[in-house]
Amino acid sequence: MPFNLHGRNFLTLKDFTTQEIEFLLTLAADLKVKKRIRDRRQLMRGRSVALIFEKPSTRTRCAFAIAASDEGAHSEYLNRNDIHFGTKEDTKDTARVLGRMFDGIQFRGFKHSTIEELAKYAGVPVWNGLTDDYHPTQILADMLTIKERFGELKGRRLVYVGDARNNMGNSLMIGSAKLGVHYVGCSPKSLQPTPELVAECRRIAEESTLGSTITLTDDPKEAVRGADVIYTDVWYSMGEEDKAAERKKMLEPYQVNMDLIKSTGNDETIFLHCLPAVKGNEVTEEVFESPRSMVFDEAENRLHTIKAVMVATIGDI
């Protein structure tokens, strides 16, 4: 293996070099081919993984479970009603118990500090299935999808339209900076990422030497000119339901509709969304069901990229 990621946590892409991320994408593409030709070498045979879910999921839960099964590992789904996590037992004690029983732990939940504490005490690799701040496994799937469509990532222009300071906006900006993708975050000024993270991503882009640029704007039509990828997400996340009306009013001008797609001036622009989508809010049915939409290729790639992360960190490779 050109990069030894065995035993590493996967909490945010900030912790990985450009070359390590590219390796994970290459591994994911290889595992995708092997799954399609039914070449299953079971690179995690005899392993067991814990899947902790504070937040519900379709893609993350299924991708981790099927990825484990494909490679010969057992997965155990644990929600907050199944274990004492966060109630009778604190995070560090849960981490130390599960770390004695499992070879790896996935966490999907709210506070990023929770997964950091799990990683500190578990003694086995901990993988981020989503926190309020970051969603790194989704970014791997997104970048694999873009690479499959265009052949390379370097120099592509990705425009995120909507709430640019949520976990997807943050993580897409980091991933773009690492991989030479020009990132544009388009949102109302109050929903733009923190200046600290923007500055950090610009430093990452400079250090990667791949020429990524980081741009923020509140003008959707200007933002999408020349875009290779238009990306959006729901206007409010799980736990923010009380902000639905406020966010809808703020973000209606940022809806991805066919008029916005045409404003790119690029006949090859694709549409991505991490799903689930609220069609009629952040994206219209017309765009979602159009040939521009690659959301289901992207959803499938969650499986292959998550499998790559697990194989690289606990597998026989």
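Residues numbered from 1 in each chain as written. Predicted model: local features only at pLDDT ≥ 70, side-chain atom pairs only at ≥ 80, totals over all residues. Heavy atoms only, no water.

**Student:** Which residues make up the overall build of the protein, and what values go with them?
**Tutor:** Scanning the protein for helices and strands turns up 12 helices and nine strands. The C-alpha radius of gyration of the protein comes to 19 Å, within 12% of the 20 Å expected for a compact globule of 317 residues. In the protein, which comprises 317 residues, the proportion classed as buried is 57%. By sequence separation, contacts in the protein at least 24 residues apart represent 76% of the contacts at least 6 residues apart. Computed over 43 positive and 47 negative side-chain charges, the separation of the two mean positions in the protein equals 2 Å. (Helix = DSSP H or I, 4+ residues; strand = E, 2+ residues; numbered from the N terminus. Rg over C-alpha atoms; globule rule 2.2 N^0.38 Å. Buried < 20%, exposed > 50% of the residue type's maximum accessible area, 1.4 Å probe, protein only. Contact = heavy atoms within 4.5 Å. Lys, Arg positive; Asp, Glu negative; His and termini not counted. Charge placed at Lys NZ, Arg CZ, Asp CG, Glu CD.)

**Student:** Describe the sheet that holds strand S3 (residues 104-108), listing the residues and the values that go with them.
**Tutor:** As summarised here, the arrangement of the four strands in space is S2-S1-S3-S4, forming an open sheet in which the pairing is parallel. The two strands at the open ends of the sheet, each matched to only one other strand, are strand S2 (74-79) and strand S4 (126-130). Neighbouring strand axes in the sheet, compared pairwise and without regard to direction, differ in orientation by 20° on average. Looking at chain direction, strand S1 (residues 48-53) and S3 are connected through five bridges and run parallel. Bridge assignment links Ala 50 to a residue of S3, and that residue is Ile 105. The strands touched by helix H3 (residues 91-101) within the sheet are S1, S2 and S3, with S3 carrying the most contacts at an inclination of about 140°. (Pairing = 2+ DSSP bridges. Axes fitted to C-alpha atoms, helices over the stretch in contact; angles between N-to-C directions.)

**Student:** How would you explain the pairing of strand S5 (residues 157-161) if you had to name every residue and give the values?
**Tutor:** Burial analysis of S5 places four of its five residues in the buried class, which makes it a mostly covered element. Summarising the sheet, S5 and strand S6 (residues 182-186) pair through five bridges and their orientation is parallel. Paired with Val 161 across the two strands is Cys 186, which belongs to S6. Each parallel crossover has a hand, and for S5 linked through helix H6 (residues 167-179) to S6 it is right-handed. Bridging between S5 and strand S8 (residues 229-232) involves three bridges; their strand directions are parallel. Residue pairing in the sheet places Tyr 160 in a bridge with Tyr 231 of S8. (Right-handed = clockwise from strand over helix to strand, strands pointing away.)

Note that all results are geometric; they support no functional claim without further evidence.
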